[in-house]
Amino acid sequence: MKLPSYEDVLLAASRLRGIAHTTPVLSSSWFNAQLGAQVFFKCENFQRIGAFKFRGGYNALAALPPEQRQRGVVAFSSGNHAQAVALAAQLLGIPAVIIMPNTAPATKKAATLGYGAKVVEYDRLTEDREQIAQQWVHNTGMTLIPPFADAQVIAGQGTAAKELFDEVGGLDELYVPLGGGGLLSGALLSAQALSPDCRVYGVEPETGNDAQQSLAQNKIVHIEPPRSIADGALTQALAPITFQLIQRYGAGVVTVQDAELIQMLRFFAQRMKIVVEPTGCLGAAAVWNQGKQLQGKRVGVIISGGNIDLTTFSQLLAS
Ligand SMILES: *Cc1c(COP(=O)(O)O)cnc(C)c1O
């Protein structure tokens, strides 16, 4: 397996220039004062499609050779990856098929259709989405774009941390939401090149700590489908490529509870005036839990996305 390097992140950055947003880095003097630290929030909730996934999706599609582009791409996701691939395909003029559960929220289906992708629905209880995707690949010659287990996807995601280091300089610690590990792997590539002494942490929901278990056992651990409001981090296992990168660059993994995510979601809304989805709150919640241990440190946090329906958002604010 060929692992991506920082060179691939640089190539991704050049492909994304003028296409992805350079998202803002915000800070809160209140948050800093509570911890006695300097915390820099990289706001990927302001990225196109509302999450960092546009970076990896676009980079993976832009890296395809012409004949593969012509045949099109297929992705399975009910979340941000679906919209990332659909928008990237539209921008590059590539046909796209997105495989979604028939229970996916109507807004998500509409958004994906709005980017011109074809949506194929399946029944979560009786059908296997990977099998359906493989059928499309087999029958049409389309290329499958995985949400994290792909070198170009990882390189694209790495441009988020690259921009953060480019803007604020070296950091002591960086906290990154962790599902399948694409964002964390990319962040590790950028940190190792731009701030080699920075300690990088992936942050999982406590109920879905497969990566933490995997590091402890030195092998990829599969867990039962976890329950958490962090719906972008409910993956049951890392992929070999992300596991290898996380091990190689010595990332730490910490966990947080749903109640702590809600507390951060409220903090972002009330103090910082930004909408952050629960999964996007993972990094900030982990930093908050460190309390005074981060005193005097320069700390980065990637806010990974802001896609949440307003009913759920208002319920979490009021809960
Ligand atoms: C996909 C996603 C994650 C997890 O990213 P991985 O690359 O799978 O680790 C975190 N936050 C949001 C908002 C996401 O969409």
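Structure first, text after, so check above.
Just so it is clear, the model here is predicted, and its values are computed rather than measured.

Caption draft 1: Highlighting the pattern of salt bridges. According to the stated counting rule, one finds 6 salt bridges in the structure shown. Between Glu-163 and Lys-42 there is a salt bridge, with the nearest N and O atoms lying 2.6 Å from each other. One end of the pair, Glu-163, is in helix α8 (residues 151-168); the other, Lys-42, is in strand β2 (residues 38-43), and 121 residues separate them in sequence.

Caption draft 2: Examining the side chain of Thr-242 more closely. Relative to the helices and strands, Thr-242 resides in helix α11 (residues 240-248). Residue contacts for Thr-242: discarding those within four places in its chain leaves Phe-148, Ile-154, Gly-180, Gly-181, Gly-182 and Ser-185.

Caption draft 3: Representation of the packing of helix α1 (residues 6-16) against α8. Look at α1 against α8: their axes get within 8 Å of each other, and the N-to-C directions meet at 80 degrees. What the angle tells us is that α1 and α8 run roughly perpendicular. Listed contacts from α8 to Tyr-6, Asp-8, Val-9, Leu-10, Ala-12, Ala-13, Arg-15 and Leu-16 of α1 are Gln-152, Ala-155, Gly-156, Gly-158, Thr-159 and Lys-162. Of the residues contributing to the contact of α1 with α8, the split by class is 7 nonpolar, 4 polar and 3 charged.

Caption draft 4: Representation of the pairing of β2 within the structure. Across the 6 residues that make up β2, a large majority, 5, are buried. Sheet topology places strand β1 (residues 25-26) next to β2; 2 bridges connect them, and they run antiparallel. Bridging from a neighbouring strand, Leu-26 pairs with Phe-41 of β2. As defined by bridge partners, β2 adjoins strand β10 (residues 298-303) across 6 bridges and the pair is classed as parallel. When the sheet's bridge partners are listed, Phe-41 is paired in β10 with Val-301.

Caption draft 5: A look at the site of the ligand. For the ligand, the set of nearby residues contains 16 residues, the closest of which are Lys-53, Asn-80, Gly-179, Gly-181 and Ser-304. For the ligand, an oxygen atom lies 2.7 Å from a polar atom in the backbone of Gly-181. Bound to the protein, the ligand loses 96% of the 380 Å² it would expose on its own. Classifying every residue of the shell around the ligand by side-chain character gives 5 nonpolar, 9 polar and 2 charged.

Reading the values: rules and limits
- Residues numbered from 1 in each chain as written.
- Predicted model: local features only at pLDDT ≥ 70, side-chain atom pairs only at ≥ 80, totals over all residues.
- Heavy atoms only, no water.
- Salt bridge = Lys/Arg side-chain N within 4 Å of Asp/Glu carboxyl O.
- Helix = DSSP H or I, 4+ residues; strand = E, 2+ residues; numbered from the N terminus.
- Contact = heavy atoms within 4.5 Å.
- Axes fitted to C-alpha atoms, helices over the stretch in contact; angles between N-to-C directions.
- Parallel < 35°, antiparallel > 145°, perpendicular 65-115°, else oblique.
- Nonpolar A, V, L, I, M, F, W, Y, C, P; charged D, E, K, R; others polar.
- Buried < 20%, exposed > 50% of the residue type's maximum accessible area, 1.4 Å probe, protein only.
- Pairing = 2+ DSSP bridges.
- Near = heavy atom within 4 Å.
- Polar contact = N/O pair within 3.5 Å; in protein donor to acceptor, adjacent residues only side chain to side chain.
- Areas by Shrake-Rupley, 256 points an atom, 1.4 Å probe, with all protein chains shown as cover.

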